[in-house]
2 protein chains.
Amino acid sequence: MNSEIIAIGSELLSPYRQDTNSLFVTERLNQLGITVAFKTIVGDRPKHLVDAIRSALSRTDVVVIMGGLGPTEDDLTREAVAEAMQVGLKRDPELIAQLYARMAARRLTMTRNNEKQADVLDGAIILVNPRGSAPGQWLDVVYGKHRKLVMLVPGPPSELKPMFDEECVPRLREVLPRRHIATRVLKAALIGESAADARIAPIYTQFTDVETTILAHLGDIQLNLLCSKPILELAQARVDELASRIEEELDDLIYSSQGESLEQIVLLHLEMQGATLSVAESCTGGMVAERLTSISGSSRSFVGGAVVYSNELKTEFADVSPTLIERHGAVSREVAAALAEGIRVRCDTTLGVGVTGIAGPSGGSDEKPVGLVYLSVSDGKKTEVVERRFSGDRDRIRHYASQTALDLVRRRLM
Amino acid sequence: MNSEIIAIGSELLSPYRQDTNSLFVTERLNQLGITVAFKTIVGDRPKHLVDAIRSALSRTDVVVIMGGLGPTEDDLTREAVAEAMQVGLKRDPELIAQLYARMAARRLTMTRNNEKQADVLDGAIILVNPRGSAPGQWLDVVYGKHRKLVMLVPGPPSELKPMFDEECVPRLREVLPRRHIATRVLKAALIGESAADARIAPIYTQFTDVETTILAHLGDIQLNLLCSKPILELAQARVDELASRIEEELDDLIYSSQGESLEQIVLLHLEMQGATLSVAESCTGGMVAERLTSISGSSRSFVGGAVVYSNELKTEFADVSPTLIERHGAVSREVAAALAEGIRVRCDTTLGVGVTGIAGPSGGSDEKPVGLVYLSVSDGKKTEVVERRFSGDRDRIRHYASQTALDLVRRRLM
């Protein structure tokens, strides 16, 4: 079964923004056995919208229309679908009441333009949106003699994703023939994409019935395995077999065999061992702490730490002696170790992490170039320090440094 | 003048890969005064390709087709354009000779399938590709009674970008009426998209010659203004006039009138006033520090601070008294204020910021629900605290909290 995803919004036709929702929707559709044949990105002009929707209906059976459901003048998706499909659009009094209630609960004034979010296409099922004001709509209709499934979903990812999972996927599953798809996601840290591929290609190419995709992003490698069979157990057995072969080959580079993030794995290891962690960050400026605290429940093993951007704070919060800094420089093996051990003692945790480096683009020298980062982990008995030279821009260097810091903790806990 | 960009390749319809070439092409087209009205992503199936090309020709004047020019069986762009436009396709002997020479120079065998790269559409101008084997093609033809400009360019960015700049842009410039484009980017913090639109729509709708786009993302609003005129000064005057009218209306909600980020603006204000800043973060877990340190040169006014996730660290690093925490709770107006003033004193900075709240999804209560955040800024004389109730998931709550913290500093410095 073929589908088309339409992303609506003039901003998506600018040089600055890009539709990313379609990647999520594609993944979900593929899992249901639906191929995405076209993606169309279209702006807010009524004529263009109608044209895009008509094209999609003429060439695919499932059409997912994302965005343009809000209250502004630019939000014209409902009107465009009505015109393209020649169906009526009626304001739903119950939805209006819900909009008023929602606004009142947030102490916001319900302006008139908000009411258009209550317009419903004839024959549509309303898809509830607890996370936003604009409800979605589901149409299962005959159009040009063919059955078409049309979904209108909101553009903000925080609204679209749960709505698609909770409202669209179950409805699609009911309508579609049953398929069995097994997937596995493996993750590895700090190995290059081509290096990883050179090692595992001889393995996965033997599994012609498993689709293997390698994604690389800022020191993180993700391997997606997907197999489709008439019987679920067969599909599962094949992806599991390939997964173990890859895990054997990449060994401890693999940090996750079920798709967890590196921060999740670190927190999991900490919790299992009843250990706690603190960090003292210079060049990463809070990124390690931010990544760990992005995980709900992180407070059980991560207590916090310090962002010690200035030399004074390295002393104030991690007891790094000023003479040590003077002697070796703030970016040095010695200061990294002192940060790790100092923050560990001050925060009274099992492990302490220290990061110091030159994120650039300025501040580098011949001796200590941009990208030079020292990372340390200490448990009071053993203080380990690694030196890395990352390439790329400030953002890339900081990401690689935070990734390396987390991986250092993971390896210590293994 | 309207255009459509077609990106060809089945991998661009997977959940893992995305067309990014179109952002580059869009920027170049916009600079020439050509609007991108549609982007279509389509796979390698002949029927789909022909359909996508026909749709594009029926609705736009300029069509840029990217990819599918290589030697493999999946490279079907030339054939699809020929069929969609009903023009002939002939193998060019001179191009074949060039392909043989190219292969020989690289000591590669010229296989038969390589020859299809020498197929040229009737009436097309060949666009040379010194960086790859597949040449591009340029068509300036009448199709369905209208003049159409159609460009076939290769998919690899390293081939596409120089070819577009060297071969397509000069030809487009010759063909197009001379236009000049002026742009402005305004940014506002912590106003909803619909609230902002309700206030400024009455203004920008009067400027029918300026294209206004509103982008909203996690408490950040970006207004893109674009005007195209035969004379640059006229275009600039119009966007500037609209920009000042919007700035008047939104007043101090606007934090940037030239596109800078909120963290850049905060650092700019700090530096201009010779002030320094430190932060004590609980629920944002380092996000405020991370955002500030993402900017190169931030160390001139941002010294660092502490991530005080546990109660003990609130005392250890920001001198918040344990009895204050016990009496009011860690998430309270009083603790936020104590964090701001405590970290300011400990870091010896002009301003201190404190953030404490419940990011969820767990940890909330009736009295202190998920999303409740207290934010404080102190300069030693005056300690200001604000209470906010953010909705959404953990990620959204943390982003809004960090945005509010930065905006609080900006307002204090104004």
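Residues numbered from 1 in each chain as written. Chains lettered and ligands numbered in written order. Predicted model: local features only at pLDDT ≥ 70, side-chain atom pairs only at ≥ 80, totals over all residues. Heavy atoms only, no water.

1. Some thoughts on the sheet that holds strand β2 (residues 35–42) of chain B
- With respect to topology, 12 strands assemble into an open sheet ordered β6(A)-β7(A)-β8(A)-β3(A)-β1(A)-β2(A)-β2(B)-β1(B)-β3(B)-β8(B)-β7(B)-β6(B), the strand pairing being mixed. Unpaired on one side and paired on the other, β6 (125–127) of chain A together with β6 (125–127) of chain B mark the two borders of the sheet. Going from strand to strand, the sheet's axes swing by 20° on average, the running direction of each strand aside.
- Sheet analysis places β6(A) next to strand β7 (residues 136–143) of chain A, joined by three bridges and oriented antiparallel. When the bridges of β7(A) are listed, Ile126(A) appears paired with Gln137(A).
- Each of β1 (2–8), β2 and β3 (62–66) of chain B touches helix α1 (residues 21–31) of chain B; the most contacted strand, β2(B), lies at about 160° to it.
- Across the sheet, helix α3 (residues 77–85) of chain B touches β1, β3, β7 (136–143) and β8 (146–153) of chain B, and the angle it forms with β7(B) is around 5°. (Pairing = 2+ DSSP bridges. Helix = DSSP H or I, 4+ residues; strand = E, 2+ residues; numbered from the N terminus. Axes fitted to C-alpha atoms, helices over the stretch in contact; angles between N-to-C directions. Contact = heavy atoms within 4.5 Å.)

2. Focus on the pairing of strand β13 (residues 277–281) of chain A
Residue and element names in this part refer to chain A.
- For β13, the tally of buried residues reaches five of five residues, placing the bulk of the element in the interior.
- Residues Leu277, Val279 and Glu281 point to one face of β13 and Ser278 and Ala280 to the other, with burial holding for every one of them.
- Sheet topology places β13 next to strand β14 (residues 302–308); five bridges connect them, and they run parallel. Bridge pairing in β14 places leucine 277 opposite phenylalanine 302.
- Between the parallel pair β13 and β14, the chain is carried across by helix α9 (residues 287–293), and the sense of this crossover is right-handed.
- Across five bridges, the pairing between β13 and strand β15 (residues 351–357) is parallel. Looking at the pairing, valine 279 lines up with valine 353 of β15. (Buried < 20%, exposed > 50% of the residue type's maximum accessible area, 1.4 Å probe, protein only. Right-handed = clockwise from strand over helix to strand, strands pointing away.)

3. Quick word on unusual backbone geometry
- Note the cis peptide between Gly360(A) and Pro361(A), where omega equals 0°.
- Locating Pro361(A) in the fold gives a position in the loop between β15 and β16 (372–378).
- Even without being glycine, Arg107(A) reaches a positive phi, approximately 55°.
- Within the fold, Arg107(A) resides in the loop between α4 (93–105) and β5 (119–121).
- A relative accessible area of 80% places Arg107(A) in the exposed class.
- Its identity is not glycine, yet Asp319(B) carries a phi of approximately 55°, on the positive side.
- Turning to its location among the elements, Asp319(B) is positioned in the loop between α10 (311–318) and α11 (322–328).

4. Comments concerning the packing of aromatic side chains
All names here are of chain A.
- Within the structure shown, the criterion is met by seven aromatic pairs over all chains.
- A centroid spacing of 5.6 Å and a plane angle of 40° characterise the contact between phenylalanine 390 and tyrosine 400, whose relative ring orientation is tilted. Residue phenylalanine 390 is located in the loop between β17 (383–389) and α13 (394–413), and its partner tyrosine 400 is located in helix α13; the two are separated by 10 residues in the primary sequence.
- Taking the relative accessible area as the measure of exposure, tyrosine 400 reaches 17% and is therefore buried.
- Across the ring face of phenylalanine 38, the terminal group of arginine 59 is positioned such that the distance to the ring centre comes to 3.8 Å. (Phe/Tyr/Trp six-rings, centres within 6.5 Å; stacked < 30°, edge-to-face > 60°. Lys NZ or Arg CZ within 6 Å of the ring centre and 35° of its normal.)

5. Some thoughts on the sheet that holds strand β9 (residues 180–189) of chain B
Residue and element names in this part refer to chain B.
- Read across the sheet, four strands follow the order β10-β11-β9-β12 without closing on themselves; strand pairing throughout is antiparallel. Two strands close off the open sheet at either side, each with one partner strand: β10 (210–217) and β12 (254–256). Taken pair by pair, the neighbouring strands of this sheet meet at an average axis angle of 30°, ignoring direction.
- Pairing of β10 with strand β11 (residues 220–229), which is carried by eight bridges, proceeds in the antiparallel orientation. Residue pairing in the sheet places histidine 217 in a bridge with aspartate 220 of β11.
- Sitting on the sheet, helix α6 (residues 193–204) touches β10 and β11, and the angle it makes with β10 is about 170°.

6. Some words on the domain arrangement of chain A
- When the domains of chain A are assigned, the result is domain 1 (2–175), domain 2 (180–256) and domain 3 (262–413).
- Each of domain 1 of chain A and domain 2 of chain A has a C-alpha centre, and these two points are 34 Å apart. (Domains from an automatic or database assignment.)

7. Brief notes about the packing of α1(B) against helix α5 (residues 157–175) of chain B
Residue and element names in this part refer to chain B.
- Their axes nearest at 11 Å, the elements α1 and α5 cross at an angle of 20°. By the angle between their axes, α1 is roughly parallel relative to α5. When the axes of α1 and α5 are compared, the crossing they make is right-handed. Counting all contacts with α1, which are made through Asn21, Phe24, Val25, Arg28 and Leu29, the residues of α5 involved are Pro157, Leu160, Lys161, Phe164, Asp165, Val169 and Leu172.
- In terms of residue class, the contact of α1 with α5 is built from eight nonpolar, one polar and three charged. (Parallel < 35°, antiparallel > 145°, perpendicular 65-115°, else oblique. Left-handed = near helix turned anticlockwise from the far one by under 90°. Nonpolar A, V, L, I, M, F, W, Y, C, P; charged D, E, K, R; others polar.)

8. Brief notes about the interface of chain B and chain A
- Listed as interface residues are 70 residues of chain B and, on the opposing side, 71 residues of chain A.
- Between the two partners, chain B and chain A, sit seven salt bridges.
- Of the charged contacts, one joins Arg346(B) and Glu316(A) as a salt bridge, the two residues approaching to 2.5 Å between their closest N and O atoms.
- Put simply, chain B and chain A have 30 residue pairs in polar contact (both at pLDDT 80 or more) between them.
- Residues of the side of chain B that touches chain A, tallied by class, amount to 28 nonpolar, 29 polar and 13 charged.
- Here strand β2 (residues 35–42) of chain A runs beside β2(B); their pairing, made up of five bridges, is antiparallel. Across the sheet, Ile41(A) pairs through a bridge with Lys39(B), a residue of β2(B). (Salt bridge = Lys/Arg side-chain N within 4 Å of Asp/Glu carboxyl O. Polar contact = N/O pair within 3.5 Å; in protein donor to acceptor, adjacent residues only side chain to side chain.)

9. Some remarks on the nonpolar core
- Core analysis: the biggest nonpolar cluster contains 52 residues, and Phe164(A), Leu172(A), Phe164(B) and Leu172(B) have the highest contact counts within it.
- Excluding anything up to four places from it in sequence, Leu172(A) contacts Leu29(A), Leu32(A), Ile34(A), Val62(A), Trp138(A), Leu149(A), Met151(A) and Phe164(A). (Core = buried A, V, L, I, M, F, W, Y, C linked by side-chain atoms within 4.5 Å.)

10. Side note on the pattern of salt bridges
- Within this structure, the stated rule accounts for 61 salt bridges over all chains.
- With a closest N to O distance of 3.5 Å, Arg412(A) and Glu384(A) form a salt bridge. A residue pair is termed long-range when its members are at least 10 positions apart, and Arg412(A) in helix α13 and Glu384(A) in strand β17 qualify at 28 residues.
- When the shortest N-O distance is used, the salt bridge between Arg171(B) and Glu167(B) registers 3.0 Å. Placement of the pair is Arg171(B) and Glu167(B) together in helix α5, with a separation of four residues, close to one helical turn.
- Each of Asp209(A), Lys229(A), Arg238(A) and Glu241(A) takes part in a single network of salt bridges with overlapping partners.

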